[in-house]
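# Chains, contacts and geometry: an overview
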Protein chains: 2
Amino acid sequence: MKQTQETASSLSSRPRVVIVGAGFGGLRAAQKLGNAPVQVTVIDRTNHHLFQPLLYQVATATLSPGEITAPVRHVLKRQRNTQVIMAEVTGVDTQKKQVLMGDQTIPYDYLILATGARENYFGHEEWRKYAPGLKTIEDARAIRHKLLLAFEAAELETDPERVRELLTFIVVGAGPTGIEMAGAIAEVAHKVLKSEFRNIDPSMARVILLEMAPRVLPVFPEALSHKAKQALVKLGVEVRTNTAVSLIDENGVIAGGERINASTILWTAGVKASPAASWLGVEADRAGRVVVEPDLSVKDLPDVFVIGDTASCVLDGKPVPGLAPAALQQGSYVADLITRRVEGKPAPAPFKYFDKGSMATIGRGSAVALFKGLKLSGPVAWLMWLAVHLVYLIGFANRLLVMMQWARAYLSSRRGVRLITVFAQDGLLKGPKILPSEQEKEKKASAA
Amino acid sequence: MKQTQETASSLSSRPRVVIVGAGFGGLRAAQKLGNAPVQVTVIDRTNHHLFQPLLYQVATATLSPGEITAPVRHVLKRQRNTQVIMAEVTGVDTQKKQVLMGDQTIPYDYLILATGARENYFGHEEWRKYAPGLKTIEDARAIRHKLLLAFEAAELETDPERVRELLTFIVVGAGPTGIEMAGAIAEVAHKVLKSEFRNIDPSMARVILLEMAPRVLPVFPEALSHKAKQALVKLGVEVRTNTAVSLIDENGVIAGGERINASTILWTAGVKASPAASWLGVEADRAGRVVVEPDLSVKDLPDVFVIGDTASCVLDGKPVPGLAPAALQQGSYVADLITRRVEGKPAPAPFKYFDKGSMATIGRGSAVALFKGLKLSGPVAWLMWLAVHLVYLIGFANRLLVMMQWARAYLSSRRGVRLITVFAQDGLLKGPKILPSEQEKEKKASAA
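Values in this document were obtained by computation on a predicted structure and should not be read as measured data.

This part is about the pairing of strand β27 (residues 374–377) of chain B. All names here are of chain B. Taken together, the four bridges between strand β26 (residues 367–371) and β27 define a ladder with antiparallel strand orientation. Residue Ala 369 lies in a different strand from β27, and its bridge partner there is Leu 376. With antiparallel pairing between neighbouring strands as the criterion, β26 and β27 make up a hairpin whose turn holds two residues, including Lys 372 at a positive phi of roughly 50°.

Within the structure shown, the criterion is met by twelve aromatic pairs over all chains. On the numbers, 5.6 Å between centres and 75° between planes, the contact of Tyr 333 of chain B with Phe 351 of chain B is edge-to-face. With Tyr 333 of chain B in helix α10 (residues 324–342) and Phe 351 of chain B in the loop between α10 and β25 (358–361), the pair connects residues that are 18 residues apart, well separated along the chain. Given a relative accessible area of 11%, Tyr 333 of chain B falls into the buried group. Residue classification places Phe 351 of chain B among the buried residues on the basis of a relative accessible area of 4%. Three or more aromatic residues joined by ring pairs form one cluster here, namely Tyr 121, Trp 127 and Trp 267 of chain A.

Bringing the UniProt feature "domain: FAD/NAD(P)-binding" (unreviewed entry) in chain A into the picture now. Here the UniProt feature "domain: FAD/NAD(P)-binding" (unreviewed entry) sits at residues 16–331 of chain A. Its end C-alpha atoms 16 Å apart, residues 16–331 of chain A is made of 28% helix and 28% strand.

Moving on, we come to the environment of Phe 51 of chain A. Residue and element names in this part refer to chain A. Here Phe 51 shows up in the loop between β3 (48–50) and α3 (55–59). Here Phe 51 falls in the buried class, since its relative accessible area comes to 1%. Each C-alpha atom of the pair Phe 51 and Ile 137 lies 9.9 Å from the other, and the pair is 86 residues apart in sequence.

This part takes up the packing of helix α2 (residues 24–32) of chain B against α10 of chain B. Residues and elements named next belong to chain B. Running from N to C, α2 and α10 point in directions that differ by 35°, and their axes come no closer than 7 Å. For the pair α2 and α10, the sense of crossing is right-handed. Contact residues: α2 offers Phe 24, Gly 25, Arg 28, Ala 29 and Lys 32, while α10 offers Ala 324, Ala 327, Leu 328, Gly 331, Ser 332 and Ala 335. Class assignment for the residues of the contact of α2 with α10 results in six nonpolar, three polar and two charged.

Quick look at the side chain of Ser 332 of chain B now. Residues and elements named next belong to chain B. Mapped onto the elements, Ser 332 comes out in helix α10. For Ser 332, a relative accessible area of 18% translates into the label buried. Once residues lying within four places of it in the same chain are set aside, the contact partners of Ser 332 are Arg 28 and Lys 32.

Take the sheet that holds β25 of chain B next. Residues and elements named next belong to chain B. Strand order across the open sheet formed by three strands is β25-β26-β27, with antiparallel pairing between neighbours. Strand pairing shows two members of the sheet lacking a second neighbour, β25 and β27, which therefore form its edges. The average undirected angle you get between the axes of adjacent strands in this sheet is 5°.

On to the sheet that holds strand β27 (residues 374–377) of chain A. Residue and element names in this part refer to chain A. Here we have three strands laid out as an open sheet, ordered β25-β26-β27, and antiparallel in their pairing. Sheet topology places β25 (358–361) and β27 at the edges, where each strand pairs with a single neighbour. The mean inter-strand angle of the sheet, taken between neighbouring strand axes irrespective of direction, is 5°.

Side chains of nonpolar character tend, in soluble globular proteins, to be buried together. Counting residues in each nonpolar core, the largest one holds 66 residues, and the members touching the most others are Ile 68, Phe 151, Ile 179 and Leu 209 of chain A. Taken domain by domain, this core gets at least three of its residues from each of domain 1 (5–45 + 87–119 + 271–342) and domain 2 (125–269 + 365–424) of chain A. Ignoring any residue separated from it by four or fewer positions in sequence, one finds Ile 179 of chain A in contact with Ala 174, Leu 209, Val 216, Leu 217, Ala 228, Leu 232, Ala 360, Thr 361 and Ile 362 of chain A. Formed by 65 residues, the second largest nonpolar core is a distinct cluster that contains Leu 134, Ile 143, Leu 147 and Ala 186 of chain B.

Residues and elements named next belong to chain A. Segmentation of chain A into domains returns domain 1 (5–45 + 87–119 + 271–342) and domain 2 (125–269 + 365–424). The straight-line distance from the C-alpha centre of domain 1 to that of domain 2 is 33 Å. Counting residues at the interface gives six residues for domain 1, matched by eight residues for domain 2. A combined buried area of about 640 Å² lies between domain 1 and domain 2, and 47% of that area is made up of carbon and sulfur atoms. In terms of surface lost to domain 2, no three residues of domain 1 exceed Arg 118, Glu 119 and Val 271, which account for 62% of the buried area on that side. Linking domain 1 with domain 2 are one salt bridge, by the criterion used here. A salt bridge links Arg 128 to Glu 119; the nearest nitrogen and oxygen atoms lie 2.8 Å apart. If you look at where domain 1 meets domain 2, you find one residue pair in polar contact (both at pLDDT 80 or more). At the level of secondary structure, the elements contributing two or more residues to the side of domain 1 that touches domain 2 comprise β10 (117–119) and β18 (271–273). At three residues, the largest contribution of residues to the side of domain 1 that touches domain 2 is made by β10. Split into classes, the residues belonging to the side of domain 1 that touches domain 2 amount to three nonpolar, no polar and three charged.

Next up on the list: the pattern of salt bridges. As enumerated under the stated definition, the model contains 30 salt bridges over all chains in all. Measuring nitrogen to oxygen at the nearest pair gives 3.1 Å for the salt bridge that ties Glu 165 of chain B to Arg 162 of chain B. Residue Glu 165 of chain B and its partner Arg 162 of chain B are both found in helix α6 (residues 160–166); the two are separated by three residues, about one turn of the helix. The exposure class of Glu 165 of chain B is buried, given its relative accessible area of 13%. A salt bridge links Arg 206 of chain B to Glu 238 of chain B; its shortest N-O distance comes to 2.7 Å. Within this pair, whereas Arg 206 of chain B is found in strand β12 (residues 206–210), its partner Glu 238 of chain B is found in strand β13 (residues 237–240), the two being separated by 32 residues in sequence. Given the relative accessible area of 31%, Arg 206 of chain B is considered partly exposed. Classification of Glu 238 of chain B by relative accessible area gives partly exposed; the value is 27%. Connected through salt bridges with shared partners, the residues Arg 206, Glu 238, Arg 240 and Glu 258 of chain A form a single ionic network.

About the cut-offs
- Residues numbered from 1 in each chain as written.
- Chains lettered and ligands numbered in written order.
- Predicted model: local features only at pLDDT ≥ 70, side-chain atom pairs only at ≥ 80, totals over all residues.
- Heavy atoms only, no water.
- Pairing = 2+ DSSP bridges.
- Helix = DSSP H or I, 4+ residues; strand = E, 2+ residues; numbered from the N terminus.
- Phe/Tyr/Trp six-rings, centres within 6.5 Å; stacked < 30°, edge-to-face > 60°.
- Buried < 20%, exposed > 50% of the residue type's maximum accessible area, 1.4 Å probe, protein only.
- UniProt positions renumbered as here; feature names shortened; annotations may be inferred.
- Axes fitted to C-alpha atoms, helices over the stretch in contact; angles between N-to-C directions.
- Left-handed = near helix turned anticlockwise from the far one by under 90°.
- Contact = heavy atoms within 4.5 Å.
- Nonpolar A, V, L, I, M, F, W, Y, C, P; charged D, E, K, R; others polar.
- Core = buried A, V, L, I, M, F, W, Y, C linked by side-chain atoms within 4.5 Å.
- Domains from an automatic or database assignment.
- Buried area = accessible area lost by both parts, 1.4 Å probe.
- Salt bridge = Lys/Arg side-chain N within 4 Å of Asp/Glu carboxyl O.
- Polar contact = N/O pair within 3.5 Å; in protein donor to acceptor, adjacent residues only side chain to side chain.

Below, the structure is given as structure tokens:
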């Protein structure tokens, strides 16, 4: 409505690029197409871009959801050729070149699918109920509630067996997210909540990290796995490698043949791609990812591109990892390719992945980082982790705020965002237990 | 468990003070009892103290929930005589002197009820569904979702009548919360979201403030009501006084005999006390408040005290207002009274309310304030409002962060926490509408 008739008309005659998903890959592609002679439509089922690498800090009460999200609309508001739609994509008609949203459709000339990945329960979808994953703000908030309510419930519980269960936290999967979660939960239990309870001692909480592979961070070099494990053990995490989970139910898990009762179980053991492959009716790899061509397009669908965690992209026999830098690079590449094609320029060379390294943090002041064969660990790696994440928070306008939250969290035994927004009666609380009365004291004393 | 056996034993022989509700009054009472020779139990159905005066800023996406809440447990952690319980109180047995929580009980020697108030729909409880109030973090989050989703849905809507409904926001009740909400919604629509949409113009949104009384802020002096109305009109709010609401349904309201269709309706028209009076089986005033004695105790129950919004306290013929300073003063008073009684000292003089004035803000940079007959309005009142709220955020550790959020919000057309955490398919979104295609353009042109 702000556009003049001329602009609107010249816009609508341009080729349409539809981008599904406003994660790292999709948003970067949209930004790079801001000045291209195309009209862009970005569709996401939420209204925000999420800085997923810090999601575990929302789940463990250090950061607020608003600090790691940015409204997609706001990020792209200055791009007059771009429209943002909050809607759920249900399929793609590659014949008619339309994206389906329920009974509505949007036509495309070029389609970029950047719909990410979700938890992979490897055929045990029923485990999701007991062991949620960490992919969305709602996931993080639910985990925060579960975590904090476990301590509240333990404070009220009279059965010591049940207290033990409530204070047992299991993280399944020792990839970067798993070790970050395990480290952060141990810090919350052993440091943050210390001396805030009267009936329980939060530092007695058990945090158990289960990993099927022989070591934590299986995709990192062995030396860094070793450092990471040391840091976890120092924080009080029980690390169990070579331990497969064979069952998860409301009482806990069976892991390596042993039953472990626990009220809180988190799943970070694997991801599978969103259903883009089935939308397109094309080949997917074992993790559900669309196998892409060297230019990130889909075989026999040269106008459809798949990027980020949704794509299976193998270069020189090595898969491009499911990391933010890879998605960003792929988003840039596809935007450039489409711009060239629309402008009648020659196609770019096949996509190349520039490995910016990988890192994971383990609690306050410790991390491991791998960069071009260089292995770093301890405080140096942690400072690097901090710097990289702050740099990548560009466009969030929250960078300074997040930095201050971190400073506060790391200087004072962090307290941050310990917010439970379900009420007591809706949670898992039952049976209050209070300071023992004088009579109860006497009864116990005489019984002893 | 941290206490030595001696301490625990000496603690449990002390008189028990049970405080229900960790709002301004309850928390203040607990803090004042921290060094008294009593054992204190604070029961709240949430785990956090909420800084309610800023709740409207969470509802309108300026602040994060974590920035206006503090874990009760954390606030009171250093008081070794105090236990915090997250549980839902269901009644009081004044004969046995027990607080009931489902089938559990907690004995008390002294009881302080500080359970606050909730929305009063004046017999039309069915309106709650369509016109939520603003009392909890969940309320604020729900309103934020509703507000932001209305714009998202309007962007996708093709029926102009429905677009109009989606972009009509009604606030019922022009007390401080009502004018703060109306002003903030107008700012979001007319400034923050400006130029972020392609099909709709958010600045065309209507914000309608309905008030039954002849003027906004009916309890303020007439001159300030006038200033407040001017400020609201300047922000683009339609102010309708002398307008009673006779019906609220899914389509909108009937107000002053006129039907106004609107998808978003907020209720700030009145409060009624929590059910403390019925727990105690005592007299309540029309708003459900317990009528208290000059020492804030309940008639014939000298060990039970009611404070804050739950109490009807009339001094020299004037009711003590339902404001945070009043609750804080009552909390201090009762704590002092109980301490004296336990220590065998004479009872204090009857409760006296020190009027610290009242204020309300209307959008960015404008407010009205009343202090000891002094009437302030405009930027001066707003700066005063800002200063007072920052001072009262003590104990939140978030003061600096909140100040920075405000600074950012007020310097750059505020964007803050525009987070919708329900997915598109769960929200009210339907029917996508996109930039018109070339053919549609031509069709329209030839039809014209």
